[in-house]
Amino acid sequence: MAGKVLGSAGEALAGMVRDGMTIAVGGFGLSGIPVNLINALRESGARGLTIVSNNMGVDGKGLGVLLENRQVSKVLGSYVGENKLFAEQYLSGDLEVEFVPQGTLAERLRAGGAGIPAFYTPTGVGTPVAEGKPEAVFDGRRAILERGIVADIALVRAHLADAEGNLRYRMTAQNFNPLVAAAGRTTIAEAEHVSPDFLDPDRIHTPGIFVQRVVPAENTIKHIEQRTVRVRVEA
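Residues numbered from 1 in each chain as written. Predicted model: local features only at pLDDT ≥ 70, side-chain atom pairs only at ≥ 80, totals over all residues. Heavy atoms only, no water.

Caption draft 1: Spatial organisation of the pattern of salt bridges. Counted under the stated rule, the structure contains 12 salt bridges. D94 is paired through a salt bridge with R70; the nearest N and O atoms lie 3.3 Å apart. Taken as a pair, D94 in the loop between α4 (84–91) and β4 (96–99) and R70 in the loop between α3 (64–68) and β3 (72–77) lie far apart in primary sequence, 24 residues in all. For D94, a relative accessible area of 46% translates into the label partly exposed. Classification of R70 as partly exposed rests on a relative accessible area of 48%. Linking E96 and K74 is a salt bridge whose minimum nitrogen-to-oxygen distance equals 3.7 Å. Of the two residues, E96 is situated in strand β4 and K74 in strand β3; the sequence distance between them amounts to 22 residues. A relative accessible area of 47% places E96 in the partly exposed class. Through salt bridges that share partners, K74, E96, E98, R108, K133 and E146 make up one connected network. (Salt bridge = Lys/Arg side-chain N within 4 Å of Asp/Glu carboxyl O. Helix = DSSP H or I, 4+ residues; strand = E, 2+ residues; numbered from the N terminus. Buried < 20%, exposed > 50% of the residue type's maximum accessible area, 1.4 Å probe, protein only.)

Caption draft 2: How the structure looks around the sheet that holds strand β5 (residues 118–121). Reading across the sheet, the three strands line up as β5-β7-β6 and stay open at both edges, with antiparallel pairing between neighbours. On the outer flanks of this sheet lie β5 and β6 (135–138), each paired with one strand and no other. Geometrically, the sheet is characterised by an average inter-axis angle of 40° between neighbouring strands, direction not taken into account. Examined bridge by bridge, β5 and strand β7 (residues 141–147) share four bridges and lie antiparallel to one another. When the bridges of β7 are listed, T121 appears paired with I144. Contacting β5 and β7, helix α5 (residues 102–114) crosses the sheet at an angle of about 155° to β5. (Pairing = 2+ DSSP bridges. Axes fitted to C-alpha atoms, helices over the stretch in contact; angles between N-to-C directions. Contact = heavy atoms within 4.5 Å.)

Caption draft 3: Region of the structure containing helix α2 (residues 35–44). Within α2 the residues assigned to the buried category are V35, N36, L37, I38, A40 and L41. G45 sits one or two positions beyond α2 and adopts a positive phi of about 75°.

Caption draft 4: The arrangement of the side chain of N54 in detail. On the secondary structure map, N54 appears in the loop between β2 (49–52) and α3. In this structure the side chain of N54 is engaged in a polar contact, spanning 2.7 Å, whose partner is the side chain of S78. Leaving out residues up to four positions away in the same chain, N54 has contacts with G27, F28, G29, G77, S78, Y79, Q102, L105 and F176. (Polar contact = N/O pair within 3.5 Å; in protein donor to acceptor, adjacent residues only side chain to side chain.)

Caption draft 5: Inspection of unusual backbone geometry at higher detail. A positive phi angle is found at R70, which is not glycine, with a value near 55°. Unlike most non-glycine residues, M171 shows phi in positive territory, near 50°. Among the residues examined, M171 registers a relative accessible area of 59% and is labelled exposed.

Caption draft 6: Local environment of the environment of L85. Structurally, L85 can be placed in helix α4. Taking the C-alpha atoms as reference points, L85 and V58, 27 residues apart in sequence, are found 8.5 Å from one another. Among all residues touching L85, those that are not within four sequence positions of it are D59, L67 and E68.

Caption draft 7: Up close: the pairing of β7. Note that β6 and β7 share four bridges and pair antiparallel. The residue bridging A136 from the neighbouring strand is A143, located in β7. Two successive antiparallel strands, β6 and β7, enclose a turn made up of two residues, where D139 displays a positive phi of approximately 55°.

Caption draft 8: Structural detail: the side chain of Q71. Secondary-structure assignment places Q71 in the loop between α3 and β3. Only 3.2 Å separates the side chain of Q71 from the backbone oxygen of L41, close enough to count as a polar contact. Look past the residues within four positions of Q71 in its chain and what remains in contact with it is L41, R42, S44, G45, A46, R47, G48, L49 and L66.

Shown next as structure tokens:
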């Protein structure tokens, strides 16, 4: 039952990545990010990439490794507060950034995956987000036109996959991963567990029709951005 399963992230990306591509990446902060595929993308050496992701990870982790390697020319994201190198490259003019409200980013990915070229939303009206975008009024409320996002390649992290690329995510990893998986012309998933049997159709989050390649996750360490604990109260 080999199907779409390949041996490693490097093998899955081999021959796929070219300079100047738009690549969408699932995850939220460091939660649910496709660590192995990101590292393989770094090893590919591809330059001038446009990255679509909720954020760019932190310094030295997640998508931050692509910034360190100077592989990214543009970012479409909604949060950038945890990465000092991101700020440095943006302020120096080395990195183009398109800030997208988080809900709008999610909907742009969903629209791209559903074949919807554009949609109107009131989010961002009257702010820099709306600059240069067509505007219309619906029921007396202003709205701006946002384009759906379709990526050349989408990289996601799943908890469970089968050989046909059907995916299930676990807990917080359900954030942007399902949306990103549908928005890629070619979608590659790394999975913590690859089932020898087909997944239960009633328990699939991303159908295999959206996924072209699957690799077992070699690195299952889950990094934590900020560890916050309560002061222990003595009994």
